[in-house]
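Descriptive analysis of the structure
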Amino acid sequence: MNELIPTTLTSEAIKEKAKSLGADLVGIADGALMDQFPPDPENPRTPSHITEIDGARVIVLAKRISFATSRLAKWNDQHKFYGDELLISALEELALDLVLWLEDNGVPGLLVPYHHVDPLKFEKGKDTQATRPLSAEHAAVEAGLGTLGLNQQLITPQFGPRVILGLVMTSADIEPDTKMEEALCLGPECGRCLKACPADAVQPWDRDWVACDKYRSPFGFEFLSDYLTSILNEPDQANKIGMLRGMESSEIFQAMLRGSGIITGCRRCADVCPVGDDYEDLLKKWVDEIAEETPEKLKRLEKMVAAASLPEAYENQKRWIGDFKPGEQQ
Ligand code: SF4
Ligand code: SF4
């Protein structure tokens, strides 16, 4: 169990510092609560699984994504991948600056990596390839920054789901924030995330994460390992060399060079979500129409709206989705 370290720093001072370094939103989660309530009890990724000494508090940092990139309709527009990747780099730098500042002030700070795949544990078709050691979305809810939506994306009041998150753990004895109780998501009556999803991965209060991975990390670990395996399995030497010089190799090379398409990818569900102070003026007009909408998707949404009760997936994630009252969300 992580123990608190006495400090003269306050939560307010840490938030002020993080904002001065460039964070748009900052919240502080109680690591003990995160240990107590792992988002997936079968794969508990909690602060104590990372360290037993420096995870009593989890500082959650958010940077808004550029709204111009959200107005680009294609899920795989390179400007989105590139812009998000630059934002992740900026967030990592600001998180590192915060860690060093915390440590200059006598308390430890530990950065949680943005992206992590353990190849020894990765099981093709079963695992999601883009999990972090700690779920940043669930940490953000515990830190009072927002609630989870119909597809378990984080929604904030200020920017809807259009934020990128960073995590810093510390055991500084500072006051944690409390989570919001009411759901921000408008539910299946909105369903815009489901309508827009190119993978059709949005389930009632859940997501088919493996299907989503092919879009949110199109050149990620699975793509790389599949492609290298196919080269090894090719018996003809000339074909082998052709494959090494092919389009897929070039995609992998470019992705590894910048991270675009590995740590960044599809976020159509975030672009079209109507929650957020930024939506009405900066996005609505440009993202209102959803080209990916189909009659089958609309039928599934109708069924969700008509359902007599909320599904098990909602009950399992209720702590983070918040109190959702069908027909009453605003
Ligand atoms: S990130 Fe893309 S593929 Fe995944 S749920 Fe959102 S819209 Fe669907
Ligand atoms: S698009 Fe609508 S249904 Fe989906 S998360 Fe946002 S508010 Fe909820």
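This text follows the structure it describes.
To continue, consider the site of ligand 1. Within the structure, ligand 1 sits among Cys197, Pro198, Ala199, Arg207, Cys212, Tyr215, Cys266, Arg268 and Cys269. Elements supplying a minimum of two residues to the shell around ligand 1: helix H8 (209-216) and helix H12 (268-272).

Relative to each other, helix H1 (residues 11-20) and helix H5 (residues 78-104) sit at 140 degrees, their axes nearing to 10 Å. Between H1 and H5, the angle is such that the two are oblique. Handedness of the crossing formed by H1 with H5: right-handed. Residues Ala13, Ile14, Lys17 and Ala18 of H1 lie in contact with H5, whose contacting residues are Leu94, Leu98, Trp101 and Leu102. Looking at the contact of H1 with H5 residue by residue, the classes come out as seven nonpolar, no polar and one charged.

What follows covers the site of ligand 2. Taken together, 14 residues surround ligand 2, and among them Cys185, Leu186, Cys190, Cys193 and Cys273 come closest. For ligand 2, the cavity whose grid points lie within 2 Å of the majority of its atoms is the largest cavity. When grouped by side-chain class, the residues that make up the shell around ligand 2 number nine nonpolar, four polar and one charged.

This model, assessed by the stated rule, comprises 15 salt bridges. A salt bridge links Asp30 to Arg57, with the nearest nitrogen and oxygen atoms 3.4 Å apart. Here the residue Asp30 occupies a position in strand S1 (residues 25-30), and Arg57 occupies one in strand S2 (residues 57-64), the gap between them amounting to 27 residues. Take Arg57: its relative accessible area is 8%, and that puts it in the buried class. A salt bridge links Arg300 to Asp200; the nearest nitrogen and oxygen atoms lie 3.1 Å apart. Of the two residues, Arg300 sits in helix H15 (residues 295-306) while Asp200 sits in the loop between helix H7 (192-196) and strand S7 (202-203), which places them 100 residues apart along the sequence. Looking at Asp200, the relative accessible area reads 32%, which means it is partly exposed. Three or more residues joined by partner-sharing salt bridges are found here, namely Lys80, Asp84, Arg267 and Asp271.

Parameters and conventions
All residue numbers refer to positions counted from 1 along the written sequence of the respective chain. Naming scheme: in the order in which they are written, chains are lettered from A and ligands are numbered from 1. Restriction of local features to residues with pLDDT of at least 70 applies here, the model being predicted, together with a cutoff of 80 or more for giving and counting side-chain atom pairs; totals for whole chains, interfaces and linings are based on all residues. Only hydrogens and water are removed before side-chain values are computed, so all heavy atoms of the structure are retained for them. In this text, near means that some heavy atom of the residue lies within 4 Å of the molecule or strand in question. To qualify as a helix, a DSSP run of H or I must reach at least 4 residues; to qualify as a strand, a run of E must reach at least 2; elements of each kind are numbered from the N terminus. Axes here mean lines fitted to C-alpha atoms, for a helix over just the part in contact, with angles spanning 0 to 180 degrees between N-to-C directions. To sort the angles, those under 35 degrees are grouped as roughly parallel, those over 145 as roughly antiparallel, those from 65 to 115 as roughly perpendicular, and the leftovers as oblique. For any helix crossing, the convention is left-handed if the near helix is rotated counterclockwise from the far helix by under a right angle, and right-handed if that rotation is clockwise. Residues are treated as being in contact if the distance between any of their heavy atoms lies within 4.5 Å. Residue polarity is assigned by list, with Asp, Glu, Lys and Arg as charged and Ala, Val, Leu, Ile, Met, Phe, Trp, Tyr, Cys and Pro as nonpolar; anything else, Gly included, falls into the polar class. Cavity means a closed set of points on a 1 Å grid over the protein atoms alone, one where a 1.4 Å probe fits but cannot get out, pocket means an open set with protein on both sides within 12 Å along at least 5 of 7 lines, and lining means a residue has an atom within 4 Å of a point. For a cavity or pocket, the test is whether more than half of a molecule's atoms lie within 2 Å of its grid points; if they do, the molecule sits there. One speaks of a salt bridge when a side-chain nitrogen belonging to Lys or Arg is within 4 Å of a carboxyl oxygen belonging to Asp or Glu. Exposure categories follow from relative accessible area, calculated using a 1.4 Å probe and restricted to protein chains: below 20% of the type maximum is buried, above 50% is exposed, and the middle band is partly exposed.

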